[in-house]
Amino acid sequence: MTLLAFALTFQDSGISESPLGPPPSATHTGALMEMLHNSGPTALTVLGILLLFSIFSWAIMLSKWRTFRAAESQSRKFVRAFRKSGRLSEIAAVADQFRPSPLVAIFHEIHDEYQRQAGGRGMPPNQQALERAALTAASESLTLMEHRMTWLATIAQTATFIGLFGTVMGIVDAFHGLGTAGAATLRAVAPGISEALITTAAGLAVAIPALIGYNQLTARLRESAARMDDFGRELLNAIENAALLSPTSPPSGTPTPDASPRRSF
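Since we're looking at a predicted model, the values are computed, not measured. (Residues numbered from 1 in each chain as written. Predicted model: local features only at pLDDT ≥ 70, side-chain atom pairs only at ≥ 80, totals over all residues. Heavy atoms only, no water.)

**Student:** Got a minute to help me understand helix α6 (residues 127-145) in this structure?
**Tutor:** Each turn of an α-helix holds 3.6 residues, which means side chains three or four residues apart point in the same direction. Here α6 contains 19 residues, and its C-alpha end-to-end distance of 27 Å stays within 8% of the 27 Å for a straight helix at 1.5 Å per residue. Those residues of α6 lying buried are Ala-129, Leu-130, Ala-133, Ala-134, Ala-137, Ala-138, Ser-141 and Met-145. (Helix = DSSP H or I, 4+ residues; strand = E, 2+ residues; numbered from the N terminus. Expected span 1.5 Å × (residues − 1). Buried < 20%, exposed > 50% of the residue type's maximum accessible area, 1.4 Å probe, protein only.)

Structure, rendered in structure tokens:
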């Protein structure tokens, strides 16, 4: 009896009719296309919105990855040039070559403020103004790097709810059609429910990459912020050391002792 029941179930499922039928991948693809074709206007609208969200989020992520990679590469080159040079005026002349780096804006802001205060010589009378200039330049650079990143967080948070909305509306339509037809069978309600669940899967497919991309880009943004703070302090220390260690004019006839090269302006 058990074998007979299993055979009847196997025959009803349609599997015994085509033992050498299409592979599972082709079957799933065909079923998915059929469900999309039979989806109602609400599900198609939700899927269209999710498709636009996916394209927009991937465009933001790819653009930010390229921007951050270029900024990090130019920052490393700029720091090497800054540390090798003995004169900050030389760095100021070639700093624009490393323009994708946010460190260039910090350097120009601090260097210009020092030039306004002391004309590039001696101790700056207002060191706090130099620190505020560094903070301002770093904040402006971070604001530019954060541009459109809030869209990734918005898409990651709303895509799942949009997909869930499509699922709920699809299930409502499926049960409404079931009540109208009066056929309370799983075969009658399963297609409508499976079509409705597509929107939830699509919402997850859009939200998960956006969330991962947002977290990764936020981590790299924090690293860039820390790098800008470190460079600002290094530049302020260089200015202070150059001002304190600037050689005084020796008396006439007194030989000048040999000294190691120092950074000057």
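What follows continues from the structure just given.
**Student:** Any chance you could explain a nonpolar patch on the surface here in plain terms?
**Tutor:** A surface patch of nonpolar side chains, about 380 Å² in accessible area, is lined by Phe-161, Leu-164, Val-168 and Val-172. Within the fold, Val-168 resides in helix α7 (residues 149-181). (Patch = residues over 30% accessible without salt bridge, like charges linked within 9 Å, V, L, I, M, F, W, Y side chains within 5 Å. Areas by Shrake-Rupley, 256 points an atom, 1.4 Å probe, with all protein chains shown as cover. Salt bridge = Lys/Arg side-chain N within 4 Å of Asp/Glu carboxyl O.)

**Student:** Is there a simple way to explain the side chain of Ser-141 in this structure?
**Tutor:** Position of Ser-141 relative to the elements: it lies in helix α6. Not counting residues within four places of it along the chain, the set of residues in contact with Ser-141 comprises Pro-102, Ala-105 and Met-228. (Contact = heavy atoms within 4.5 Å.)

**Student:** Would you mind going over the packing of helix α5 (residues 102-118) against α6 with me for this structure?
**Tutor:** How two helices pack is summed up by the angle between their axes together with the distance between the axes. Here α5 crosses α6 at 155°, and the two axes come no closer than 9 Å. Classified by the angle between their axes, α5 and α6 sit roughly antiparallel to one another. For the pair α5 and α6, the crossing hand works out as right-handed. The residues of α6 that touch α5, namely those facing Pro-102, Ala-105, Ile-106, Glu-109, Ile-110, Glu-113, Tyr-114 and Gln-117, are Ala-129, Leu-130, Ala-133, Ala-134, Ala-137, Ala-138, Ser-141 and Met-145. Here the contact of α5 with α6 is built from residues that sort into 12 nonpolar, 2 polar and 2 charged. (Axes fitted to C-alpha atoms, helices over the stretch in contact; angles between N-to-C directions. Parallel < 35°, antiparallel > 145°, perpendicular 65-115°, else oblique. Left-handed = near helix turned anticlockwise from the far one by under 90°. Nonpolar A, V, L, I, M, F, W, Y, C, P; charged D, E, K, R; others polar.)

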